[in-house]
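What follows is the residue order along each chain.
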Amino acid sequence: LVPDFQRFQFEQRRALHDYLTVTAQRQREIGAERRNEGLLELTRERLLRLLRAMDVERALISDVLEPLTRGLDQRVLEAVPGAPYPTRELRVLEMYETVFRDWGWGDPENDRALDVLERLVAAARCALGQPLELGKLAVFGAGACRLAADVHRTLGPSVTVALDINPLPLLIGERLLRGGVVDLYEYPVGARGIANMAVLQQLHCRLPPRQGLVLALADTREPPFAADSLDSVLTPWYIDVVEAELVDTAATIHRVLRSGGMWFNQGPLRFTGPAARLYCIEEVHELVQKSGFELVATLSEDIPYFDSPHAGSRRIETVYGFAARKSGPAPVVPERAKPEPAWLRDVSEPIPFSPELHDLEVRFVFSAGAVSLIDGARSVKDLAEALGGELQLDPAQLIEPIRSFLGSVLPGRRASR
Ligand SMILES: C[S@@+](CC[C@H](N)C(=O)[O-])C[C@H]1O[C@@H](n2cnc3c(N)ncnc32)[C@H](O)[C@@H]1O
């Protein structure tokens, strides 16, 4: 449930392609490191564990994300990988670690998150002096969905729709909530010893979910709900992460909530972006109130975050909670300039000509020329000679550009001894 599914699907496929390319490359590098002389037997063993863990991870991730790539022509995907070269920032693995906290070792943290919400709901009931039902609840940015499942089981909403735009944690959560078991390796930060470096976790959901829990792969900036259709919205660890202005997030929530509906928020405030938008809690409270909400209850407390028993590092976060009631008219949100040009949004729009295009073309001709000349025998110098002839440029002056370009895109820049 995303605004432009075809584009979303292609981006997902590209992210998966990058992930598979980069991890295969990484496995080859680790395999080569393992063959180096002078390594401890223990080191060899550790690298072997890592390689095996990556095999399991690659197979599982390909399988979980397969539905997203259905219907795409394999030949097109092979011919058009998407990115000019894969980036090492693997989007597929964003928030990968949440699945282990949610469905592996994380009961104390998950219970604590639920407890924060229970206390917020209780405080809101008390302040309003009337019964408060969660009714139809939506959880924005539900991640691997453990909190959504716990809330649905314990706080009695009639329906809970857990939404997230990141497929991997959501689809793993979905498998587990359907009764599946997922075997996956966790790589704890600063592992406590070799045995904890890649830990096989059998993820599962111990308590079967109540009827009425729905998971949706959706963009919560344009949530798939009619106006005034929800009784409550929960935003856990979300408002500072979503790529949207806080006032826009508030306006979206205001739109989908019925009059008197409740917005529950919990999470830290780690906004990114321009300085004026790095809000502190006082500003958040004021913006929420200016957005047609009455602030009914607030809390803040320090709680552990990603406290994996296998890791040598953990965080304590100050978590801010609030319960806000939709009480006023819709906020007036300024019209924002579209972040993308029209031709990107509408593929039948003409692409404007710009002087930068020439630079781009030169860059691609040069890059493609250099790459196509690599045959396993030619050196940087040979490439410079050949390209210099083709482009009628002095080969000596092409040596550094070629070395710098290939050094930044080809693997194995650092010699592995
Ligand atoms: C810090 S994580 C928190 C996840 C989960 N609530 C938890 O506590 O583990 C923020 C979540 O918001 C999701 N998110 C960010 N932008 C989103 C969007 N536009 N639509 C849906 N989900 C979004 C991310 O994919 C991510 O799962």
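Criteria and thresholds
- Residues numbered from 1 in each chain as written.
- Predicted model: local features only at pLDDT ≥ 70, side-chain atom pairs only at ≥ 80, totals over all residues.
- Heavy atoms only, no water.
- Helix = DSSP H or I, 4+ residues; strand = E, 2+ residues; numbered from the N terminus.
- Buried < 20%, exposed > 50% of the residue type's maximum accessible area, 1.4 Å probe, protein only.
- Contact = heavy atoms within 4.5 Å.
- Areas by Shrake-Rupley, 256 points an atom, 1.4 Å probe, with all protein chains shown as cover.
- Lys, Arg positive; Asp, Glu negative; His and termini not counted.
- Charge placed at Lys NZ, Arg CZ, Asp CG, Glu CD.
- Near = heavy atom within 4 Å.
- Polar contact = N/O pair within 3.5 Å; in protein donor to acceptor, adjacent residues only side chain to side chain.
- Nonpolar A, V, L, I, M, F, W, Y, C, P; charged D, E, K, R; others polar.
- Patch = residues over 30% accessible without salt bridge, like charges linked within 9 Å, V, L, I, M, F, W, Y side chains within 5 Å.
- Salt bridge = Lys/Arg side-chain N within 4 Å of Asp/Glu carboxyl O.
- Phe/Tyr/Trp six-rings, centres within 6.5 Å; stacked < 30°, edge-to-face > 60°.
- Lys NZ or Arg CZ within 6 Å of the ring centre and 35° of its normal.
- Axes fitted to C-alpha atoms, helices over the stretch in contact; angles between N-to-C directions.
- Parallel < 35°, antiparallel > 145°, perpendicular 65-115°, else oblique.

When helices and strands are counted, the protein shows 13 helices and 9 strands. The C-alpha extent of the protein, read off along each of the three principal axes, is 80 × 60 × 40 Å. Looking at the protein residue by residue over its 417 residues, the buried ones come to 44%. When contacts within the protein are restricted to residue pairs at least 6 apart in sequence, those whose partners lie at least 24 apart make up 74%. Summing over all exposed atoms, the protein offers an accessible surface of approximately 22,600 Å²; the carbon and sulfur share of this is 54%. Treating the 48 positive side-chain charges of the protein as one cloud and the 58 negative ones as another, the clouds have centres 4 Å apart.

What follows is about the site of the ligand. Neighbouring the ligand are 18 residues, the closest being Arg-101, Gly-141, Asp-164, Asp-219 and Thr-220. Between the ligand and Arg-101, the relevant distance is 2.6 Å, taken from an oxygen atom to a side-chain nitrogen or oxygen of the residue. The contact in question runs from a nitrogen atom of the ligand to an N or O atom on the backbone of Ile-165, over 3.3 Å. Protein burial of the ligand: of its 590 Å² of free accessible surface, 90% is covered by the chains. Its residues assigned to classes, the shell around the ligand comprises 9 nonpolar, 5 polar and 4 charged.

The next thing to look at is a nonpolar patch on the surface. Judged by side-chain polarity, Phe-353, Leu-357, Leu-360 and Phe-364 come together as a nonpolar surface patch covering roughly 430 Å² of accessible area. Locating Leu-360 in the fold gives a position in helix H11 (residues 356-372).

Applying the stated criterion across every chain, the model contains 8 aromatic pairs. Judged by centre distance (6.0 Å) and plane angle (80 degrees), the ring pair of Phe-140 and Tyr-238 falls under edge-to-face. Here the residue Phe-140 occupies a position in strand S1 (residues 136-140), and Tyr-238 occupies one in the loop between strand S6 (230-236) and helix H8 (246-256), the gap between them amounting to 98 residues. Here Phe-140 and Tyr-238 have matching classes, each one buried. Sitting above the plane of the Trp-103 ring, Arg-146 keeps its charged end 5.6 Å from the centroid.

This part is about the pattern of salt bridges. A full pass over the atoms with the stated rule returns 24 salt bridges. Its salt-bridge partner being Arg-221, residue Asp-219 comes within 2.8 Å of it at the nearest N-O pair. Asp-219 sits in the buried class, given a relative accessible area of 8%. When its relative accessible area of 38% is taken as the criterion, Arg-221 is described as partly exposed. A salt bridge links Glu-294 to Arg-325; the nearest nitrogen and oxygen atoms lie 3.1 Å apart. Of this pair, Glu-294 sits in strand S8 (residues 293-305) while Arg-325 is found in strand S9 (residues 315-326), placing the two residues 31 residues apart along the sequence. One network of salt bridges, in which partners are shared, links Asp-107, Arg-146, Asp-150, Arg-153 and Arg-206.

Attention now goes to unusual backbone geometry. Where the residue is not glycine, phi is negative for most of them; where a peptide bond is considered, it is trans in most cases. For Trp-237, which is not a glycine, the phi torsion comes out positive at approximately 50 degrees. When you line up the elements, Trp-237 lands in the loop between S6 and H8.

Next up on the list: the packing of helix H2 (residues 41-69) against helix H7 (residues 167-177). The interhelical angle for the contact between H2 and H7, taken along N-to-C directions, is 95 degrees, at an axis separation of 10 Å. Relative to H7, the element H2 lies roughly perpendicular. Along its contact with H2, which presents Leu-60, Ile-61, Asp-63, Val-64, Leu-65 and Leu-68, the element H7 presents Pro-167, Leu-168, Leu-171, Ile-172 and Arg-175. Tallied by class, residues from the contact of H2 with H7 come to 9 nonpolar, no polar and 2 charged.

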